[in-house]
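Structural description and commentary
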Amino acid sequence: MTDLPVLRDLGVILLAALACALLARRARTPTIVAYLVAGLVLGPGLHLVDASEPVDLMSEVGIVLLLFLVGLELSLDKIRDVGRVVLSTAAAQVGLTAAGGFGLSLLLGFPPVEALFLAVALTFSSTVVVVKLLDQKHESDSLHGRIAVGILLVQDVVVIVALTLLGGLDPEGAGDPAAMLRGLLASLGGMGVLVAAALLAARRLLPRAMGWAARSFDVLFIWSLFWCFLFVAAAEAMHLSVEIGAFLAGISLAQLPYAHELRRRVHPLMNFFIAVFFVSLGAHMELGAALEHWGAVLAFSVFVVAGKWLVVTAALARAGQGEATAFRAGVSLAQISEFSFIFASLGLASGYVGRPVLSILGAVGLLTIGGSSYLILADRRLHALARRAGLLRPFRARPEAEDAAGSEPRGHVVVVGMNALGRRIVRGLAERGEVVVAVDSDPAKLAGLPGRQVLGNAEHPAVLEEAGLPRAKLLVSALQIEDANNLLAFRGRSAGVPTSIHAFDQAVVEELREIGADHLIVSKSAGTHRLGRILHRLGVTPG
C-alpha cells in the first residue's frame, strides 16, 4: 500500500523548497540557503514535517549523487593542472583553518571531540555555491576562478579522507586504541582497493563499455547510475561510507569524453534529491540550541568569513599571485560547505556529536553561505574599495588591476550537427580565420575538427551554454531534424545571436522564417564560401 504520509511530506518539502528558491533567486541568494530556510519553516517553525525513514533515504541518495557529481568534475587533467600554488595554498588554508577552528571551539567551551568535528566542518568551502556563482558571472576560467576551484578540489579530497577516517572509527570501541587503529587501517585498505578499482576501470573497462552505451545518451545515463551504485554497494560491503563509493565512481567516469554530458544529465536528478536533503536538514535543526549558542554562531561565522579570506589571500600573495587574484580567490572561499553538514550529520549518526552542534553549523551555514554569495557577486567593487583604503598593503602582493578572463570563447561561431555539411562548414569557417565551436552528440563525428568541440545534445540549454551561445556572433545548424532546427532558431533569437539554419526540405522553410532564422541553408551545394559571403552581407562575419 502507498505510504500517503510520506508522499504528503515529500509534496510539502518540494513546495516549500520551490517557494523559498524563487524568493532566493530574486534576492540572488544560493538555493542551499533557501532550502535550509524552508526546512526551518517546516520543522521548528510550523511542525509540518517530521523525521521519517523514506525521507531520510531520499536525503542519503542526494548526498550520494552530490559526491558522484563532484567526482565527475575531477578529471586527471584537472588534477595535473592543480599546480604548486594551489596545493600550497590549500594546505595552508586547511591546516590553519582546522587549527584555528579547534582552538576557537575549545575556547567556547565545547568538549574536545565536538571541537574536532566543528574544526573539520569549518574547514571546507562550498563547491556547489562557488562553482555556480563563478559560472553565473562567466568567470569559471578566470585566474582567480581556476585557483578557487583548484583549492576546492583539494578540499574535496580531504573530505573523502575525513569520511574514510570517520567510517573507520567505532564509537563502541572508542576507548580501545588497538580497535580504533584496526578500524582505521581496514577503512584505509578498503579505500585503497576502491581507488585501484576505479583507476583500473577508467583505463581498461569503461572506455569500451561506455563507448558502446554512448550510442544513446539515455542508455549512457542509466549505465552511469548503475556504475555509481555499484561502487556504493562495494563501499558498503567494505564498511566504508557510501559517499566514498559514489565519489570514486564519479572519478572513474570523469576520465571519459562523455563526462560533460553525464554531468548535465545527473545534475537535475541531484538537484531534486539534494533539495530534499537540505530541507530535511533544516527541519531537523533545533532553533533553540542555535539561539542558545548565538555567541558561538556569530564567532564561528566571523572566523569562517574573515579567517578563510585572510589565510587564502596571504598564501596566494606569498606565492607570487597578483593582488586582485589573491583577494577575489579569498572572497570566493569565505563560507562553509554542504560537506560540512554531511560530515556533521555522520558524526551525529555515529554518536560523536549532539544535535546542538548540527544546529550551530546550520546557522553558521545560513550566515556564511548567504553572506559570501553577496560578497562574491560584488568582489570587484570590494577589491577596489579595499585597495583605495590601503587594506591590502600588508599582504605585499604585486599590483594587479584585475585578473584576466579565462579562455571562454567570445565572438565565435557555434556550428551544430557534424554531418558532412556541418564538418564542411566548420573547416571552411576555420580556414577563413573564424573561431568555431563544433557541437554534436557523437564523439566520433567531432574527432579531427579544428577549434573547440562540445559533446552533447544541442537541444539542452546547458550544451549551448557550454558552447558559449550568449557570447557567440553566429549560430549555424546543419541538422536535418525539423524540431531541433526550430528550437535552435528560437534559442538563437532569444539570445540575440543571428542564426543560419539548414532548410533541408522546402516544407520547413516557411516555419523557420516565421520563427526568425536570419539565413536558411537551402542546399548542401551552396558551399561554405557562399555561406560566408551571405553572412558578410548580413553583417555577421568580416569579408
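Figured I'd write up the structure that's included with this text. Note that this is a predicted model, so its numbers are computed, not measured. (Residues numbered from 1 in each chain as written. Predicted model: local features only at pLDDT ≥ 70, side-chain atom pairs only at ≥ 80, totals over all residues. Heavy atoms only, no water.)

Within the protein chain, the secondary structure is distributed over 24 helices and six strands. Within the protein chain, the proportion of its 543 residues that are buried is 53%. Counting only contacts in the protein chain whose residues sit at least 6 apart along the sequence, the fraction spanning at least 24 positions is 71%. Total accessible area computed for the protein chain in this model is approximately 24,000 Å², and 63% of it derives from carbon and sulfur atoms. (Helix = DSSP H or I, 4+ residues; strand = E, 2+ residues; numbered from the N terminus. Buried < 20%, exposed > 50% of the residue type's maximum accessible area, 1.4 Å probe, protein only. Contact = heavy atoms within 4.5 Å. Areas by Shrake-Rupley, 256 points an atom, 1.4 Å probe, with all protein chains shown as cover.)

Here we come to the side chain of H412. Looking at the secondary structure, you find H412 in the loop between helix 18 (379-388) and strand 1 (413-416). A polar contact of 3.3 Å, which involves the side chain of H412, links it to the backbone oxygen of G468. Not counting the four nearest positions on each side in its chain, H412 is found in contact with V435, V437, A467, G468, R471, A472, K473 and L474. (Polar contact = N/O pair within 3.5 Å; in protein donor to acceptor, adjacent residues only side chain to side chain.)

This part takes up the sheet that holds strand 2 (residues 436-440). In spatial order, the strands read 3-2-1-4-5-6; together these six strands make up an open sheet with parallel pairing. The open sheet has two edge strands with one neighbour each: strand 3 (452-455) and strand 6 (519-521). Strand after strand, the sheet turns through a mean of 20° between neighbouring axes, direction not considered. Pairing of strand 4 (residues 474-477) with strand 5 (residues 499-502) involves three bridges; the strand directions are parallel. Counted as the bridge partner of S477 is I501 from strand 5. With respect to the sheet, helix 19 (residues 420-431) is in contact with strand 1, strand 2, strand 4, strand 5 and strand 6, its orientation differing from that of strand 1 by roughly 160°. (Pairing = 2+ DSSP bridges. Axes fitted to C-alpha atoms, helices over the stretch in contact; angles between N-to-C directions.)

Attention shifts here to a negative patch on the surface. A surface patch of negative charge is lined by E459, E482, D483, D505, E510, E511 and E514. Considering each element in turn, the negative patch owes the most residues, three residues, to helix 23 (residues 506-515). Along the chain, E514 falls in helix 23. (Patch = residues over 30% accessible without salt bridge, like charges linked within 9 Å, V, L, I, M, F, W, Y side chains within 5 Å. Salt bridge = Lys/Arg side-chain N within 4 Å of Asp/Glu carboxyl O. Lys, Arg positive; Asp, Glu negative; His and termini not counted. Charge placed at Lys NZ, Arg CZ, Asp CG, Glu CD.)

Turning our eyes to something else, we now look at the environment of V353. Checked against the element boundaries, V353 lands in the loop between helix 16 (338-350) and helix 17 (355-377). With residues near it in sequence (within four places) discarded, V353 still touches E114, F117, A344, G347 and L348.

Taken together, the side chains of W212, V219, W223, F226 and L230 define a hydrophobic patch exposed on the protein surface, amounting to about 470 Å² of accessible area. Top contributing element to the nonpolar patch by residue count: helix 10 (residues 217-237), with four residues. Turning to its location among the elements, W212 is positioned in helix 9 (residues 177-213).

Applying the stated criterion across every chain, the model contains eight aromatic pairs. An aromatic cluster is present here, built from F117, F343 and Y352 joined pairwise through their rings. (Phe/Tyr/Trp six-rings, centres within 6.5 Å; stacked < 30°, edge-to-face > 60°.)

Turning next to helix 23. Those residues of helix 23 that sit buried are V508, V509, L512 and I515. Looking straight down helix 23, one finds that the buried residues subtend no more than 130° of arc, so they occupy a single side. Exposed side of helix 23, more than 90 degrees from the buried face: Q506, A507, R513 and E514 are the residues found there. Each element contacted by the buried residues of helix 23 is listed here: helix 22 (482-494), strand 5 and strand 6. Just downstream of helix 23, G516 is the residue with a positive phi angle, here 115°. (Arc of directions from axis to C-beta.)

This brings us to the nonpolar core. Judged by nonpolar contacts, the single largest core of 128 residues is most densely connected at L253, F278, F300, L361 and V415. Setting aside its immediate chain neighbours within four residues, F278 contacts I32, Y35, L36, E338 and F341. (Core = buried A, V, L, I, M, F, W, Y, C linked by side-chain atoms within 4.5 Å.)

On to the pairing of strand 5. Neither face of strand 5 is exposed, since T499 and I501 on one face and S500 and H502 on the opposite face are all buried. The parallel pair strand 4 and strand 5, bridged by helix 22, forms a crossover whose chirality is right-handed. Looking at chain direction, strand 5 and strand 6 are connected through three bridges and run parallel. The residue of strand 6 that forms the bridge with I501 is L520. On the question of chirality, the crossover connecting strand 5 to the parallel strand 6 by way of helix 23 is right-handed. (Right-handed = clockwise from strand over helix to strand, strands pointing away.)

Just distances and angles here, no functional claims.
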